[in-house]
Structure formats: structure tokens, C-alpha cells
Amino acid sequence: MAAVYKSLSKTDAQKPDEASNGVKKNKQRVLILSSRGVTYRHRHLLNDIASMLPHGRKDVKFDSKSKLNELNELAELYNCNNVLFFEARKGKDLYVWLSKVPNGPTIKMHLQNLHTMEELHFTGNCLKGSRPILSFDAPFDTQPHLRVIKELFLHTFGVPQGARKSKPFVDHVMGFSFVDGKIWVRNYQISEEEAPEAQSGADDKGKKPKGGVSGRAGNTEIKLVEIGPRFVLTPIVIQEGSFGGPIIYENREFISPNQLRSDLRKAKASRHNARVDQYAERLSRKGELGLRSSGGQRQAKDGLDNKSLFA
């Protein structure tokens with residue numbers, strides 16, 4: 001009982017201090033799940049992202065693809081205020097939904113050029129559960145829809161300080177670049193390497209260490225080593241609500257992969273139809289001239305020819 005009273009007294013003493021400092025604790029939790037029909041590469045990407053988000057809660061596959069508003073209730077059930085949903089279509093296409101529960105907004109993006117950690121075999125590595133540095137390109141601060149996307153990325157991929165499974169270290173960088181109307185996502189490890197002793201001795205020659213600290217600390221080289229995964233996102237629409245509501249942004253330049261595949265099939269079919277028409281026209285001309293062979297040789301008329309039977 002005394003321990004309970006002591007813990008309650010500590011919380012009561014900390015509340016006015018937090019209010020006086022004016023520092024709000026960043027409480028973000030992300031619900032990570034996918035729809036049915038995902039491939040093994042999509043599943044590996046989801047596992048890679050889930051391992052990078054210690055404040056995330058991974059759930060089983062979601063059955064429905066039409067009633068996405070039910071994800072709001074599922075997020076409230078797990079006490080999550082962000083949803084990262086992977087929607088697979090036809091076993092080929094992958095769409096990503098980012099939503100802020102319960103009031104929105106919601107972003108739908110098309111994911112392509114997917115490469116998981118197992119495929120890349122990069123040498124970089126980072127501590128599981130560490131907090132990342134989110135680096136955004138300059139256009140994210142200029143265009144209104146990119147500012148909305150940036151804010152949702154901060155809430156989803158930014159690990160809050162003091163999260164339950166997070167580590168108090170920052171050892172990797174997530175980069176978001178906006179090029180050609182697409183968002184390119186990369187993940188890098190912050191690698192620190194000490195300079196060689198000969199080089200550090202030549203640089204520190206004639207310099208005295210300040211405060212009794214060795215000058216080798218200033219010769220540490222910081223490099224970025226890519227870890228993975230890497231993928232490209234194409235924004236499609238932004239809705240005002242959470243998985244619903246009016247559309248506040250629509251990408252008019254986006255062409256769905258179904259339309260691209262349909263155009264390719266139509267182009268192949270048009271070439272085939274043109275060849276068939278040319279062949280039929282050539283046969284009709286030869287038939288009018290009484291020629292059947294392509295070499296121009298005259299053949300004897302068959303008694304069962306259509307022209308002889310139906311003359």
C-alpha cells in the first residue's frame with residue numbers, strides 16, 4: 001500500500017511540473033496491417049517497416065477492401081491514432097493508405113519499385129527499436145498537399161521519445177525525396193569511423209587538446225550507409241476524413257496500372273489486327289487475279305472452289 005501511495009504522489013508531483021514546462025508528450029501509435037492477396041514481397045516489406053516502428057502495432061490481415069472505414073474502429077480498439085494499411089490488388093499492385101484516426105486526413109498512394117532488406121543485401125545495420133532522423137526534401141515545404149503528406153509521415157514514421165519498445169538512440173536516417181511527382185523513400189545507417197592514427201596525428205600536430213580531452217574526437221568521419229528497404233510512392237488522392245470524406249487533393253497525372261496494362265494489350269491487338277487485315281486483303285487480290293501462291297504462280301482451279309460451286 002505504501003508503494004502505491006508513493007507512486008501516486010510522484011505522479012501528482014510531476015503533473016504541475018509538466019504543465020508549467022509546457023512540454024506535450026508525443027503519444028503516437030501506428031496500426032500496421034494489410035489486406036488479403038498480398039505477395040511474399042509485400043509481406044516482407046510490411047515486416048521490415050514494422051521492425052523500424054517500435055511504436056507500431058502489427059495486426060492480422062483485413063478481409064474487406066470496400067469497407068475501409070471499419071479500420072477506424074479497429075484502431076480505436078488497439079488504442080492507435082495512426083493507420084498504415086497495405087492494400088493489394090490482383091496480386092500485382094500495392095496501394096498504401098495513411099490515415100490519422102479518427103478525424104483524418106487520409107492519403108492513398110501507389111507503391112512501386114519495391115526492394116526489401118533481404119533482396120538488397122546491404123552492409124548497413126541499425127539497432128532494432130532505435131529512433132530515426134526524418135529528412136525531407138525542399139518541395140515538402142512549398143506545395144500544400146506535400147505539407148499534409150509530410151505531417152502524416154512525421155506522425156507515422158517518427159518514433160516518439162519514450163515509446164514503450166524504443167531505444168534511446170538515434171542511429172539511422174529515413175530520407176523522403178520528391179522527384180518527378182513521386183516520393184522516393186530510402187533508409188540509411190549513421191556510421192561513425194575514426195580517422196587513421198597517422199592522419200589524425202598530422203592534423204593535430206601543434207594543437208593542444210582543450211580541457212584535457214583528446215583531439216581524436218574531432219576527426220571522426222560520419223557516413224551514411226544504406227540499409228533498406230527502398231520503395232517509391234505516388235500520391236493519388238487525399239481525403240479530408242479518416243477513410244472517407246470529400247477529396248481535397250487528386251493527382252490528375254496518375255495512371256492506374258490496370259489502365260497501363262489495358263493500353264499495352266490494345267496496342268498489341270491493333271498491330272495483330274492490322275497484320276490480319278493486310279493478309280486478308282492480299283488473299284482477296286490474289287483471288288481476283290486467279291493467283292493462290294505468294295510467288296505469283298498460277299494454280300489449277302479446284303472443283304470444290306467457292307467460285308466454281310456458287311458461280
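What counts, and where the lines are drawn
Residues numbered from 1 in each chain as written. Predicted model: local features only at pLDDT ≥ 70, side-chain atom pairs only at ≥ 80, totals over all residues. Heavy atoms only, no water. Helix = DSSP H or I, 4+ residues; strand = E, 2+ residues; numbered from the N terminus. Core = buried A, V, L, I, M, F, W, Y, C linked by side-chain atoms within 4.5 Å. Buried < 20%, exposed > 50% of the residue type's maximum accessible area, 1.4 Å probe, protein only. Contact = heavy atoms within 4.5 Å. Expected span 1.5 Å × (residues − 1). Arc of directions from axis to C-beta. Patch = residues over 30% accessible without salt bridge, like charges linked within 9 Å, V, L, I, M, F, W, Y side chains within 5 Å. Areas by Shrake-Rupley, 256 points an atom, 1.4 Å probe, with all protein chains shown as cover. Salt bridge = Lys/Arg side-chain N within 4 Å of Asp/Glu carboxyl O. Polar contact = N/O pair within 3.5 Å; in protein donor to acceptor, adjacent residues only side chain to side chain. Phe/Tyr/Trp six-rings, centres within 6.5 Å; stacked < 30°, edge-to-face > 60°. Lys NZ or Arg CZ within 6 Å of the ring centre and 35° of its normal.

### Let's talk about unusual backbone geometry
Following Gly 104, the chain continues to Pro 105 via a peptide bond in cis, the omega torsion being 5°. Relative to the helices and strands, Pro 105 resides in the loop between strand E4 (93–100) and strand E5 (106–115). Geometrically, the link from Gly 228 to Pro 229 is a cis peptide bond, its omega value of 0° lying close to zero. Following the sequence through the fold, Pro 229 ends up in the loop between strand E9 (220–226) and strand E10 (230–239). We note that Asn 113 has phi near 55°; this positive angle belongs to a residue other than glycine. Along the chain, Asn 113 falls in strand E5. Despite not being glycine, His 121 has its phi angle at roughly 60°, a positive value. Among the secondary structure elements, His 121 is positioned in the loop between helix H4 (117–120) and strand E6 (131–136).

### Quick look at the nonpolar core
Soluble globular proteins: nonpolar side chains tend toward being buried together. By size, the foremost hydrophobic cluster in this structure holds 32 residues, and its most contacted members are Ile 49, Phe 86, Leu 111, Phe 153, Phe 176, Ile 183 and Leu 233. Here this core gets 5 residues from one element, more than from any other, and that element is helix H5 (residues 144–157). Setting aside its immediate chain neighbours within four residues, Ile 183 contacts Phe 140, Ile 149, Phe 153, Phe 176, Ser 177, Phe 178, Phe 231, Val 232, Leu 233 and Pro 235. Counting 13 residues, the second largest nonpolar core, distinct from the first, contains Ala 75, Trp 97, Val 101 and Phe 243.

### A closer look at helix H2 (residues 40–52)
Between the first and last C-alpha of H2 there are 19 Å, a value that for 13 residues agrees with the 18 Å anticipated at 1.5 Å per step. Taken together, the buried positions of H2 are occupied by His 42, Leu 45, Leu 46, Asp 48, Ile 49 and Met 52. Along the long axis of H2, the arc covered by the buried residues comes to 160°, so they all point the same way.

### Here we look at the environment of Glu 119
Examined against the element boundaries, Glu 119 turns out to sit in helix H4. A residue is classified by how much of its surface remains accessible, and Glu 119, at 34% relative accessible area, is partly exposed. Note: C-alpha distance between Glu 119 and His 44 (75 residues apart in sequence) is 10.0 Å. Once you skip the residues sitting within four places of it in the chain, Glu 119 turns out to touch Arg 41 and Leu 114.

### Brief notes about a nonpolar patch on the surface
Where nonpolar side chains cluster on the molecular surface, the patch consists of Leu 304, Leu 309 and Phe 310 and spans about 390 Å² of accessible area. Tracing the backbone shows Leu 304 in the loop between helix H7 (257–289) and helix H8 (306–309).

### What to know about H7
Here H7 spans 49 Å end to end across 33 residues, near enough to the 48 Å set by a 1.5 Å rise per residue. What H7 keeps buried is the set Pro 257, Ser 262, Lys 286 and Gly 287. Each element contacted by the buried residues of H7 is listed here: E4, E5 and H8. Positive backbone phi, approximately 80°, marks Gly 290, located one or two places after H7.

### Re the environment of Trp 97
Mapped onto the secondary structure, Trp 97 falls in strand E4. Considered as a pair, Trp 97 and Phe 243 are 146 residues apart in the sequence and their alpha carbons are 8.5 Å apart. Other than its neighbours up to four places away in sequence, Trp 97 contacts Leu 68, Val 83, Leu 84, Phe 85, Glu 87, Thr 106, Ile 107, Lys 108, Gln 239 and Phe 243. Polar side-chain contacts of Trp 97 include one of 2.7 Å to the side chain of Glu 87.

### Focus: the packing of aromatic side chains
Under the counting rule described, the total for this entry stands at 8 aromatic pairs. With a centroid separation of 6.0 Å and an interplanar angle of 90°, the aromatic rings of Phe 62 and Phe 85 are classed as edge-to-face. Of the two residues, Phe 62 sits in the loop between strand E2 (56–58) and helix H3 (70–77) while Phe 85 sits in strand E3 (residues 82–89), which places them 23 residues apart along the sequence. In this structure Phe 62 comes out as buried when scored by relative accessible area, which is 10%. The exposure class of Phe 85 is buried, given its relative accessible area of 0%. A ring pair is formed by Phe 136 and Phe 140, whose centres lie 5.4 Å apart and whose planes are at 70°; its orientation type is edge-to-face. For the pair Phe 136 and Phe 140, one class covers both residues: buried. An aromatic cluster is built from Phe 136, Phe 140, Phe 153, Phe 157, Phe 176 and Phe 178, whose rings are joined through pairwise contacts. Over the face of the ring belonging to Tyr 78 we find Arg 57, whose NZ or CZ atom lies 4.0 Å from the ring centre. Note that Lys 108 overlies the ring of Tyr 95, its terminal NZ or CZ placed 4.9 Å from the centroid.

### Concerning the side chain of Ser 166
Of note, Ser 166 is situated in the loop between H5 and strand E7 (170–179). A polar contact is formed between the side chain of Ser 166 and the backbone oxygen of Ala 163, at a distance of 3.0 Å. When neighbours within four sequence positions are excluded, Ser 166 is seen to be in contact with Pro 54, Gly 129, Val 159 and Pro 160.

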